[in-house]
Amino acid sequence: MKSFILRFLERTELMLALSIILPLLFAVDVSGLKVGIELGLGIVMYFSLRPFMGQKFRFQKNLKAMLYLILVNYVVLSGVYVLIGFAFFGAGHDFFIGFILVALVPPAVSIIPFCYLSKCDSETVDVPVFISFVLSLFIIPAALLLLFGKTVDFNALARILVVIIIVPMYLAYRTYRSGSRLFDYEKAITNICLGIVIFISMSINRDVFFDLAADGVLYVYLVNFLAIFGTGLAVYFISRRLSPGKAVAYSFYASQKNVGTSITLGIFLFNSDTAVPAIIALAMQFIYFIMFEELFVKRG
């Protein structure tokens, strides 16, 4: 029975689906549970960042490819989100602010296991994610100050960055040598915490998802589809000609953002509607990986 429960909790796709579907089926008052978003994401970040610690990164190896991967994520993918989001919603819309928040966050940590499963060069893929997380500590506050000025509560922003990036990074460094049995369950714990983040976020925005046309949510789906599938596939086919061995890695960097951070920034710094683009992006990114692996990795 125990092993069955553990296997159930380790099924990422199943946990993701349940955390999206259940809030749509059942209305739950989660107004007092918002703190679960920060804490849950902080735990996810801790387990995601821990494998980085203790590694001896050789920054000179494939340095050009690493820089290109960062640029693909922070310039190409972010640029597509901002440009298409602006075209559909205009500068003042909450959904456009949500797309800006998606554009500001670093690449998704899930790129690493995705690339591992797809037999990418692990070191070339790992280093840019870690560098991007460090850069995000400067990029996010600077961009929010430039774009939104004093309308953003920077005390709240500082708390968010501490809880979901700085503390997890510190704890990951302090415990990377630990042999605790806790880490035997890290996938299950990560899935539970990510599920909590999505469940609370979806519950807060439940009414929006039931009023697709009036609130423009269908356009949010379209922008995310064009950014994730359009950019990811375009970069894959272009890089397959220029750098065949790294085409899969380029595609993941061109489609995957750490949207959990965007959800947190939207809900705590703006309003619940600004988190909707990131919630939808989270599901679409996972769908993209499943589709991409099936069509282009397994079939060669």
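Residues numbered from 1 in each chain as written. Predicted model: local features only at pLDDT ≥ 70, side-chain atom pairs only at ≥ 80, totals over all residues. Heavy atoms only, no water.

### Here's the deal with the pattern of salt bridges
For step 1, the next point in the chain: In total, this model carries 3 salt bridges according to the counting rule given.
For step 2, the next point in the chain: Of the charged contacts in the structure, one is a salt bridge between Glu13 and Arg11, with a shortest N-O distance of 2.7 Å.
For step 3, the next point in the chain: Owing to a relative accessible area of 41%, Arg11 belongs among the partly exposed residues under this scheme.
For step 4, the next point in the chain: A salt bridge links Asp184 to Arg181; its shortest N-O distance comes to 3.7 Å. (Salt bridge = Lys/Arg side-chain N within 4 Å of Asp/Glu carboxyl O. Buried < 20%, exposed > 50% of the residue type's maximum accessible area, 1.4 Å probe, protein only.)

### A few points about the nonpolar core
For step 1, the next point in the chain: Tyr81, Phe133, Ile140, Leu144, Leu265 and Leu269 are the most contacted members of the largest nonpolar core, which has 88 residues in total.
For step 2, the next point in the chain: If one sorts the elements of this core by residue count, helix H15 (residues 276-297) sits on top with 13 residues.
For step 3, the next point in the chain: Not counting the four nearest positions on each side in its chain, Ile140 is found in contact with Leu104, Val105, Leu157, Leu161, Thr261 and Leu265. (Core = buried A, V, L, I, M, F, W, Y, C linked by side-chain atoms within 4.5 Å. Helix = DSSP H or I, 4+ residues; strand = E, 2+ residues; numbered from the N terminus. Contact = heavy atoms within 4.5 Å.)

### Details of the environment of Val197
For step 1, the next point in the chain: Within the secondary structure, Val197 sits in helix H9 (residues 186-204).
For step 2, the next point in the chain: Relative accessible area serves as the criterion here: at 1%, Val197 is assigned to the buried category.
For step 3, the next point in the chain: Distance in space between the C-alpha atoms of Val197 and Arg181 is 24 Å, their sequence separation being 16 residues.
For step 4, the next point in the chain: Those residues in contact with Val197, other than ones at most four positions away along the chain, are Gly36, Ile37, Gly40 and Leu41.

### Looking at the packing of helix H4 (residues 63-89) against helix H5 (residues 94-104)
For step 1, the next point in the chain: The N-to-C vectors of H4 and H5 enclose an angle of 180 degrees; their axes lie 9 Å apart at closest approach. For the element pair H4 / H5, the angle class is roughly antiparallel. Every residue of H5 that contacts H4 at Tyr74, Ser78, Tyr81, Val82, Gly85, Phe86 and Phe89 is listed here: Phe95, Phe96, Phe99, Val102, Ala103 and Leu104.
For step 2, the next point in the chain: Here the residues of the contact of H4 with H5 sort into 11 nonpolar, 2 polar and no charged. (Axes fitted to C-alpha atoms, helices over the stretch in contact; angles between N-to-C directions. Parallel < 35°, antiparallel > 145°, perpendicular 65-115°, else oblique. Nonpolar A, V, L, I, M, F, W, Y, C, P; charged D, E, K, R; others polar.)

### Examining a nonpolar patch on the surface
For step 1, the next point in the chain: On the surface, a nonpolar cluster with roughly 450 Å² of combined accessible area is contributed by Ile21, Leu22, Leu25, Phe26 and Val28.
For step 2, the next point in the chain: When you line up the elements, Phe26 lands in the loop between helix H2 (12-25) and helix H3 (35-49). (Patch = residues over 30% accessible without salt bridge, like charges linked within 9 Å, V, L, I, M, F, W, Y side chains within 5 Å. Areas by Shrake-Rupley, 256 points an atom, 1.4 Å probe, with all protein chains shown as cover.)

### Structural notes on the environment of Pro51
For step 1, the next point in the chain: Its location among the elements puts Pro51 in the loop between H3 and H4.
For step 2, the next point in the chain: Separated by 75 residues in the primary sequence, Pro51 and Asp126 have C-alpha atoms spaced 9.6 Å apart.

### Here we look at the confidence of the model for the protein
For step 1, the next point in the chain: On average, the protein scores 88 in pLDDT, and the residues at 70 or more come to 91%.
For step 2, the next point in the chain: Looking over the protein, one finds the lowest element-wise mean pLDDT in helix H11 (residues 212-215), namely 64, and the highest in H5, namely 97. (pLDDT = per-residue confidence, 0-100.)

### Some details on the layout of surface pockets
For step 1, the next point in the chain: Roughly 950 Å³ of volume is contained in the largest pocket.
For step 2, the next point in the chain: Looking at the largest pocket, it is lined by 32 residues, and the ones nearest its centre are Ser48, Val109, Ser110, Pro113 and Thr190.
For step 3, the next point in the chain: Of all elements in the fold, only H2, H3, helix H6 (111-117), H9, helix H14 (259-269) and H15 reach the threshold of two or more residues within the lining of the largest pocket.
For step 4, the next point in the chain: A class-by-class count of the residues in the lining of the largest pocket yields 18 nonpolar, 9 polar and 5 charged.
For step 5, the next point in the chain: Approximately 160 Å³ is the volume attributed to the second largest pocket.
For step 6, the next point in the chain: If you go around the second largest pocket, you meet 11 residues; those closest to its centre are Ile20, Phe209, Tyr221, Ile280 and Ala283.
For step 7, the next point in the chain: If you list the elements that add at least two residues to the lining of the second largest pocket, you get H2 and H15. (1 Å grid on protein atoms, 1.4 Å probe; cavity = no way out; pocket = protein on both sides within 12 Å on 5 of 7 lines; lining within 4 Å. Points joined across faces, edges and corners; volume = space filled by probe spheres on them.)

### Describing the packing of aromatic side chains
For step 1, the next point in the chain: Here the structure, examined in full by the defined rule, presents 17 aromatic pairs.
For step 2, the next point in the chain: Note on Tyr46 and Phe183: the rings are 6.4 Å apart at their centroids and 45 degrees apart in plane angle, and the pair reads as tilted. Note that Tyr46 is positioned in helix H3 and Phe183 in the loop between helix H8 (154-175) and H9, a separation of 137 residues in sequence.
For step 3, the next point in the chain: Ring centres 6.3 Å apart and planes at 25 degrees place the aromatic pair Phe89 and Phe99 in the stacked group. With Phe89 in helix H4 and Phe99 in helix H5, this residue pair connects regions lying 10 residues apart in the sequence. Phe99 shares its class with Phe89; the two are buried. (Phe/Tyr/Trp six-rings, centres within 6.5 Å; stacked < 30°, edge-to-face > 60°.)

### Comments concerning the packing of H3 against H14
For step 1, the next point in the chain: One way to put it is that H3 packs onto H14 with a least axis distance of 10 Å and a crossing angle of 160 degrees. Considering the angle they form, H3 stands roughly antiparallel to H14. Crossing handedness for the pair H3 and H14: left-handed. From H3, Val35, Ile37, Glu38, Leu41 and Met45 reach across to H14, where they touch Gly260, Thr261, Thr264, Ile267 and Phe268. (Left-handed = near helix turned anticlockwise from the far one by under 90°.)

### Structural notes on the side chain of Asn258
For step 1, the next point in the chain: For Asn258, the location among the structural elements is in the loop between helix H13 (247-253) and H14.
For step 2, the next point in the chain: In this structure the side chain of Asn258 is engaged in a polar contact, spanning 2.9 Å, whose partner is the side chain of Thr261.
For step 3, the next point in the chain: The contact partners of Asn258, leaving out residues within four places of it in the chain, are Met45, Val105, Pro106, Pro107, Ala108, Val109 and Phe133. (Polar contact = N/O pair within 3.5 Å; in protein donor to acceptor, adjacent residues only side chain to side chain.)

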